[in-house]
Amino acid sequence: MDKETAIKSLIAERKSYRAFTDQSITREQLGELLYAAHMAASCFNEQPWRFICATKQDEHYPRVFDCLNDWNQQWAGAAGALIITVAATRFAKNSKPNRFYMHDVGLATSQMSLRAVAMGLAVHPMAGFHSDKARQNFHIPDDFEPVTALAIGYPGDPNNLPEDMRSSETGPRDRRPLSDVWFGGDWQQSY
Ligand SMILES: Cc1cc2nc3c(=O)[nH]c(=O)nc-3n(C[C@H](O)[C@H](O)[C@H](O)COP(=O)(O)O)c2cc1C
C-alpha cells in the first residue's frame, strides 16, 4: 500500500470506540503505541508528555480505573488498557510556563491513535476523569498536570453497550462542514 492510501485509511478508520472485545493488551503493544506518541513534535522539543499506563493484567490497573468518572467507567472497563496522559506545565530548560503543553500532549495522543489503528486497536480519549485522584493515586508532582485518560482496546460488539452509547457507536461520523473552520482573508471568510 502506498503512503497516500495508508494514511488516508488510518485517518478514516480511527474512531473513539466504546465497545471493546476482551482481548488483552500487552506491554509490548503499549511500547509500540508509546513510541509513536513520543516521536511527536513538541515546542522546543521539550516532550512534555508523560503516560501512566496499565493493562488489565497489571496490579495497579484498579488505581487507574478508579480515576475515571462514573459515565466513562460504564464502558472503559472493557478496554484492555488505560492510560492517563500527564504534561509538564513548565519548560525544563528555564522553568517558564509552557503554554503549549496541551497541544503537545494532544499531538502525541493523535500519533498514538493512528499507530493503534494500524495494530487493529482503538484509542478513546476521555476528559471525564478525576485529575485530583490521578494526582493522589500516582503521586504526580505539582508542576505536572493530568490531561486526559485513554482507553485502549480492540473494537468490539456495540450490542454490549448501554442503549444511549450504542447509537453513537454505529451512527455516522459527525463533523461540522469544513467551510466552517477553513478561513482565508479574514475571520470566518471562506478560503
Ligand atoms: C480531549 C477529549 C476528551 C474526550 N472525553 C471523552 C469522555 O470523557 N468520554 C467519552 O466517551 N468520549 C470522550 N471523547 C471522545 C469524543 O467524544 C470523540 O472524539 C468525538 O465525539 C469525535 O468522535 P471520534 O473520535 O470517533 O471521531 C473525548 C475526546 C477528546 C479529544
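Structure first, text after, so check above.
Residues numbered from 1 in each chain as written. Predicted model: local features only at pLDDT ≥ 70, side-chain atom pairs only at ≥ 80, totals over all residues. Heavy atoms only, no water.

1. As for the sheet that holds strand β3 (residues 122-126)
Across the sheet, four strands lie side by side as β1-β2-β4-β3; this open sheet has antiparallel pairing. The outermost strands of the open sheet, each flanked by one partner alone, are β1 (49-55) and β3. Within the sheet, the average angular offset between the axes of one strand and its neighbour, ignoring direction, is 25°. Pairing of β1 with strand β2 (residues 81-88), which is carried by seven bridges, proceeds in the antiparallel orientation. Bridging across to β2, F51 finds its partner in T85. (Pairing = 2+ DSSP bridges. Helix = DSSP H or I, 4+ residues; strand = E, 2+ residues; numbered from the N terminus. Axes fitted to C-alpha atoms, helices over the stretch in contact; angles between N-to-C directions.)

2. Things to note about the pattern of salt bridges
This model, assessed by the stated rule, comprises four salt bridges. Among the salt bridges present, the one from R166 reaches E163, with a minimum N-O distance of 3.1 Å. Note that R166 and E163 are positioned in helix α7 (residues 163-170) at a spacing of three residues, about one turn of the helix. By relative accessible area, E163 is classed as exposed at 52%. (Salt bridge = Lys/Arg side-chain N within 4 Å of Asp/Glu carboxyl O. Buried < 20%, exposed > 50% of the residue type's maximum accessible area, 1.4 Å probe, protein only.)

3. A few points about the layout of surface pockets
Rolled over the atoms, a probe as big as a water molecule pinpoints where empty space is left. Approximately 210 Å³ is the volume attributed to the largest pocket. Along the walls of the largest pocket sit R14, K15, S16, R18, H124, S168, E169, G171, P172, R173, D174 and R175, which together make up its complete lining. Among the residues forming the lining of the largest pocket, the class breakdown is one nonpolar, four polar and seven charged. (1 Å grid on protein atoms, 1.4 Å probe; cavity = no way out; pocket = protein on both sides within 12 Å on 5 of 7 lines; lining within 4 Å. Points joined across faces, edges and corners; volume = space filled by probe spheres on them. Nonpolar A, V, L, I, M, F, W, Y, C, P; charged D, E, K, R; others polar.)

4. Things to note about the site of the ligand
Every one of the 15 residues lining the ligand counts as a neighbour, but S16, H124, A127, R173 and R175 are closest to it. In the model, an oxygen atom of the ligand is placed 2.9 Å from a nitrogen or oxygen of the R14 side chain. Burial of the ligand by the protein amounts to 61% of the accessible area it has alone, namely 620 Å². For the shell around the ligand, the elements supplying multiple residues, two or more each, are α4 (70-76) and β3. (Near = heavy atom within 4 Å. Polar contact = N/O pair within 3.5 Å; in protein donor to acceptor, adjacent residues only side chain to side chain. Areas by Shrake-Rupley, 256 points an atom, 1.4 Å probe, with all protein chains shown as cover.)

5. Side note on the pairing of β3
In terms of burial, β3 is largely enclosed, as four of its five residues are buried. In terms of strand pairing, β3 meets strand β4 (residues 144-153) through five bridges, oriented antiparallel. The partner of P125 across the bridge, within β4, is L150.

6. Description of the side chain of N98
With respect to the secondary-structure elements, N98 resides in the loop between β2 and α5 (101-118). Among the polar contacts made by the side chain of N98, one reaches the main-chain amide nitrogen of F100 at a distance of 2.8 Å. Sequence-distant contacts of N98, that is, excluding residues within four places in its chain, are made with C43, P48, T89, R90 and F91. (Contact = heavy atoms within 4.5 Å.)

7. Quick word on the packing of helix α1 (residues 3-13) against α5
Interaxial distance between α1 and α5 falls to 9 Å at its minimum, and their mutual angle equals 100°. In terms of orientation, α1 and α5 fall into the roughly perpendicular class. Contacts between α1 and α5 involve I7, L10, I11 and E13 on the former and, on the latter, L114, V117 and A118. (Parallel < 35°, antiparallel > 145°, perpendicular 65-115°, else oblique.)

8. Section: the packing of helix α2 (residues 27-38) against α5
Where α2 contacts α5, the axes come no closer than 7 Å and their chain directions differ by 140°. Classed by the angle they form, the pair α2 and α5 counts as oblique. Handedness of the α2/α5 crossing: right-handed. Contacts between α2 and α5 involve E32, L33, L34, A36 and A37 on the former and, on the latter, A108, Q111, M112, R115 and A116. (Left-handed = near helix turned anticlockwise from the far one by under 90°.)

9. Focus on unusual backbone geometry
Unusually for a residue other than glycine, F44 sits at a positive phi of about 55°. Within the secondary structure, F44 sits in the loop between α2 and β1. Judged by relative accessible area, F44 falls into the exposed class, the value being 58%. One non-glycine residue, Q47, lies in the positive phi region at around 50°. By relative accessible area, which is 25% here, Q47 ends up partly exposed.

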